[in-house]
Amino acid sequence: MKQKNRLVVFGRTDPNQPINFTFNGKPYQGLLGDTLASALLANGVNVVGRSFKYARPRGIVGHGPEEPNGIIQLGSGSATVPNLKVTQVELYEGLDAKSVNGWPSVNIDVMGLVGAFGRLMPPGFYYKTFMYPKKLWMTYEHFIRKAAGLGKTPTEADPDTYEKLNQHCDVLVVGAGPAGLTAALEAGLTGARVIIADEQSEFGGSLLASTQPIDDQSSTDWIAQTVSAITAMPNVQRLSRSTVFGYYDHNFLTILEKRTDHLGINSPQGARQRLHRVRAKQVVLATGAFERPLVFAHNDIPGVMQASSVSTYVNRYGVAPGEKLVLATTNDNAYQTAIDWYNSGRVVVAVVDTRQATNGPLVSHVKDLGIEVLQGYGVIQAMGSKRVRGALVAPLNENGTKVTGPVEQLKCDLIATSGGWSAAVHLSSHTGAKPIWDDAIVSFRPGISKQQERSVGACNGTFDLAQGLLEGALAGSEAAQLAGFGDGQVKRGMPIVNTLEEQAQQALFLIPHTLPSSRAPSQFVDLQLDVSAAGIELAVTEGFESVEHVKRYTALGFGTDQGKLGNINGMAILANALGQSIAETGTTIFRPSYTPTTFGAIAGRDIGELFDPERYTAMHRWHEQQGAVFEDVGQWKRPWFFPNQQETMHQAVNRECMAVRNSIGILDASTLGKIDIQGPDAAEFITRMYTNSYLTLAPGKCRYGVMLKEDGMIFDDGVCACISDNHYLMFTTTGGAAGVLAWLELWQQTEWPELQVYFTSVTDHWATATITGPNARNVMAKVCDDIDLSADKFGFMDWRDGTVAGLAARVFRISFTGELTYEINVAANYGRYLWERLMAAGAEFDITPYGTEAMHVLRAEKGFIIVGQDTDGSMTPTDMNMDWVIGKKKTFSFVGKRSLERSDCLRDNRKRLVGLKTLVPTAVIPEGAQIVNDPHQPLPMAMQGHVTSSYFSANLDHSIALAVVKGGLNRMGEIVYCPAADGSSIAAEIVNSVFYDPKGERQHV
Amino acid sequence: MLLIYCPHCLESREEEEFSYGGEAHIARPLDPENLSDEQWGDYLFFRKNPRGIHHEMWYHATGCRRYFNVTRNTLTYEILESYLVGTEPQITEVGV
């Protein structure tokens, strides 16, 4: 296949390795070493996408992460990747790419019609047009997104794997251009651990496309020599295809390494991408610079490109993206592009220089080649639609603000533009350093940072090659020394570079037209989001002054390119419209990510079952084998219910609940938090933390306690047992264990360090089987013969040491069901053995394993609260009808006590815990339902409270609910209503919150 | 992500090992019962939110499980010192 724009000098591409690919369904051929962009340009593809707002045809402009137009979707199905830039996609066999914008195709776009009416869509158009009526916004939004939209996210799971790697290094060098390479070399020579990362496929940066000799050899030979010197050092890690995309606090940086993206859409081996999380002692930023495009009328027509990009395609890829070039410039530097184009054998129509008179060596060289140089001229408008056909040029005044003479047309198909260079200060800005505008170089420079970093080379505003090489070397040795390596002296001699002197550039951010910006054809500043110079000026006339506000109003810099080309021009145009300097206007803040980062890399392996650690009890496998359905409680997997064959959840839970009340059930309670508390002041400390007193609790006894935050609100609850003098075991809720431990530590360490008491988490050390129900003692008697189980020797809220099923055990008579209960704790490793022995011993009583759902129903029948379900951080013990748990005679004020006397806690109409009994016995109110007095009251209804727990109770044969209702205790017997979303409502009677065994006799037997 | 020096472990560790403990040096009233609601409310709810130097507690949750104090610049996120509970900070002003 013929590539019409491929030159005979191939640059870094390999003519012997053709690669087939498709773009928008059409087959093409490129070469190994091409990016998708260079391959498309080689094939003469002009239109690669449509603009976001006006759907104007757009072509490739740049050659790196700054590209605003060539946004594509790669592949299809589960592996599809949206919103990649053609300039950053390396070509591989079978690559299949589509433009993300443009329907039905980039060449025939019905939305192009909108483009013809572009003037009707000023900044803020959507806000202004679609604000009213408010209800219709949802409708508008749907169509706007469809019409505009970028790529599509895959609908299936990503088949590839991603990794994360934590790294430490002495010196991290960001960027492997000339300055980065000398920095890494010098830092490496000191023996420091160095990482050098660069986003491109090979090291060298701008030198890969340079014709500038270094040390009497070609720049690419110099790169090869330097890289091999770096490679020889085992202390230097080289990362190519690796973008440092974020610079966070305390020298923490993140690198996205694309390991296999260049090989195909699916990773042939190993992780596709790797996220390096690097903590660096010192950082050298060598991230280069972006050329600023010139802003002129219809500067978005395909065929208008960056001058440096044209040179890059010619020199690095052997591709000439056109035939006849007009170069528009404000500086000497860009003249190199005219020379490169001339050397490629194609026609340079003219160089159009906005400066009145220049005669630097590069300019003279171009003139010597016989190329016409129009001085004091600007390209004021591009002609054409899907490809440049010509350039309108006109003489300008000295400041470049006015057209001063007749307009003429130059015939061409390529306009390369250069408005100078902008330092890539992005990563430096991530650290909080505010970029500083420097008129001398017409660019921002990195500001002063609190981090251990320095910028070198072009990103520091040092655009001269020799200077950049030296700066890199100095920074490399300095950074290494600060990290503890070397003497800070540069080891290698500096390469000899014969750089040509350049004359002063002109700071020009908008080329004038014969018409004012508001009436001239659109002069685009941000190509991806269709922000024009007129749009920015309009924002100012509408009253916007801050650069941050203008950015959001116009969407300047909001695209996937983050305004890498447009931002500086936009800010300068804003400054001009405001009548102030660029320094006064300032820049918007750059934040991570520098370039778009895949979610896959950020997630790494922390997906699926590795998303969060899972905790299993010692009996977990038994539960699995019984077909238990699990629920997550914190990180724990707890059996939710144990369905028999064909049983629904409802049937299973009903069966489990009735077994507990009628015979015996068994629950795996191992997950309850357990904190071992020891020390001479243990009882005193515990008493300060719970609302009730533990000073008189004797060994062998347990007590239920409620823990408050200092604001008086319930935070956790549980039983605390006295093991011996100075030794207690505190049970916490399953989910609250870690929080309670931190809470105890906080008070002991920061408030009462004089109290001698120590805390140890022993949650995982014990396995707990709870047997509960009228037959619990019968089963217990079969497996334990060294504890007197009689009610008067081992009563409710007692605990005993003993032997259960041959195992050393602690047995607690505490109950969350209201039935006779033994909680048997053994060393965790024996958990399953204990469980199986209890199942065998209970077989004759039809012992029934039950899960957390039955546990919830059983405790709700008893009106026992669950902290975090019936309470929500705004409930006092009084609100939960638990005044009995508040110790009245405690000598020391317990945590939260004073708050219980606050006026708000003493209000009459606080929400109080009540029971709700539905009038229709089978109707179960949804948990969280709001409670109202009159379901027919016009909106907004007066809310009376809400339902916190709600179940069907098989034991009572009707539905039960716990609720908090304003002044609820004074409203017994009243009927309230719980409205549903569909307009219906459930009526219920307010009753006591204890539905079953209100005197609590069953647990005392 | 912060790198925090634990004065108990005598090492700088990653932020993910720690949890934030709020403002440091808040004296709990010795006799809460004799405070007005307003006085108690001041202790309970009101905290500084300075632009600059802030003394705050951190808890080495997955390490030594001990609390300690940190002087942090809330503007730059620099951690200027770590010190033990019950001791006073050395740094109380920016640049001092």
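Residues numbered from 1 in each chain as written. Chains lettered and ligands numbered in written order. Predicted model: local features only at pLDDT ≥ 70, side-chain atom pairs only at ≥ 80, totals over all residues.

**Considering the domain arrangement of chain A**
All names here are of chain A. Looking at the assigned domains, one finds that chain A contains domain 1 (1-157), domain 2 (162-286 + 423-482), domain 3 (292-420 + 507-514), domain 4 (516-593), domain 5 (620-670 + 765-858) and domain 6 (673-761). Look at where the C-alpha atoms of domain 5 and domain 6 centre, and you get two points 25 Å apart. The partner domain 6 presents nine residues to the 10 residues of domain 5 that form the contact. Along the lines of polarity and charge, the residues of the side of domain 5 that touches domain 6 split into seven nonpolar, one polar and two charged. (Domains from an automatic or database assignment. Contact = placed C-beta atoms within 7 Å. Nonpolar A, V, L, I, M, F, W, Y, C, P; charged D, E, K, R; others polar.)

**Examining the nonpolar core**
Residue and element names in this part refer to chain A. Core analysis: the biggest nonpolar cluster contains 174 residues, and Val171, Val173, Val284, Val326, Leu327 and Ile415 have the highest contact counts within it. In terms of residues, this core owes the most to one element, helix 11 (residues 465-482), which gives eight residues. Once you skip the residues sitting within four places of it in the chain, Val326 turns out to touch Val349, Ala350, Val352, Val379, Ala391, Leu410, Cys412 and Ile415. Residues Met619, Val804, Trp835 and Ala929 belong to the second largest nonpolar core, which totals 106 residues. (Core = buried A, V, L, I, M, F, W, Y, C linked by C-beta atoms within 7 Å. Buried ≥ 20, exposed ≤ 12 C-beta atoms within 10 Å, placed from the backbone. Helix = DSSP H or I, 4+ residues; strand = E, 2+ residues; numbered from the N terminus.)

**A look at the sheet that holds strand 20 (residues 388-395) of chain A**
Residue and element names in this part refer to chain A. Within the open sheet, the three strands sit side by side as 19-20-21. Their pairing is antiparallel. The sheet terminates laterally at strand 19 (377-384) and strand 21 (408-411), the two strands that pair on one side only. Pairs of neighbouring strands in the sheet enclose a mean axial angle of 30 degrees, with direction left out of account. Bridging between strand 19 and strand 20 involves seven bridges; their strand directions are antiparallel. (Pairing = 2+ DSSP bridges. Axes fitted to C-alpha atoms, helices over the stretch in contact; angles between N-to-C directions.)

**Digging into the interface of chain B and chain A**
Tallying the contact residues gives 22 residues for chain B and 21 residues for chain A. Every element with two or more residues in the side of chain B that touches chain A is listed here: helix 1 (37-45) and strand 4 (53-59) of chain B. With three residues, the single largest contributor to the side of chain B that touches chain A is helix 1 of chain B. Residue classes in the side of chain B that touches chain A are distributed as 13 nonpolar, three polar and six charged.

**Comments concerning the pairing of strand 11 (residues 242-248) of chain A**
All names here are of chain A. Burial analysis of strand 11 places five of its seven residues in the buried class, the great majority of the element. In this sheet, strand 12 (residues 252-258) lies alongside strand 11 in antiparallel orientation, the contact comprising six bridges. Paired with Val244 across the two strands is Ile255, which belongs to strand 12.

**Brief notes about the packing of helix 5 (residues 178-189) of chain A against helix 11 of chain A**
Residues and elements named next belong to chain A. At a minimum axis separation of 7 Å, helix 5 and helix 11 run at an interaxial angle of 30 degrees. Between helix 5 and helix 11, the angle is such that the two are roughly parallel. As helix 5 runs across helix 11, the sense of the crossing is right-handed. Between helix 5 and helix 11, the residues in contact are Pro178, Ala179, Gly180, Leu181, Thr182, Ala183, Ala184, Leu185, Glu186 and Ala187 and Leu465, Gly468, Leu469, Glu471, Gly472, Ala473, Ala475, Gly476, Ser477, Ala479 and Ala480, respectively. (Parallel < 35°, antiparallel > 145°, perpendicular 65-115°, else oblique. Left-handed = near helix turned anticlockwise from the far one by under 90°.)

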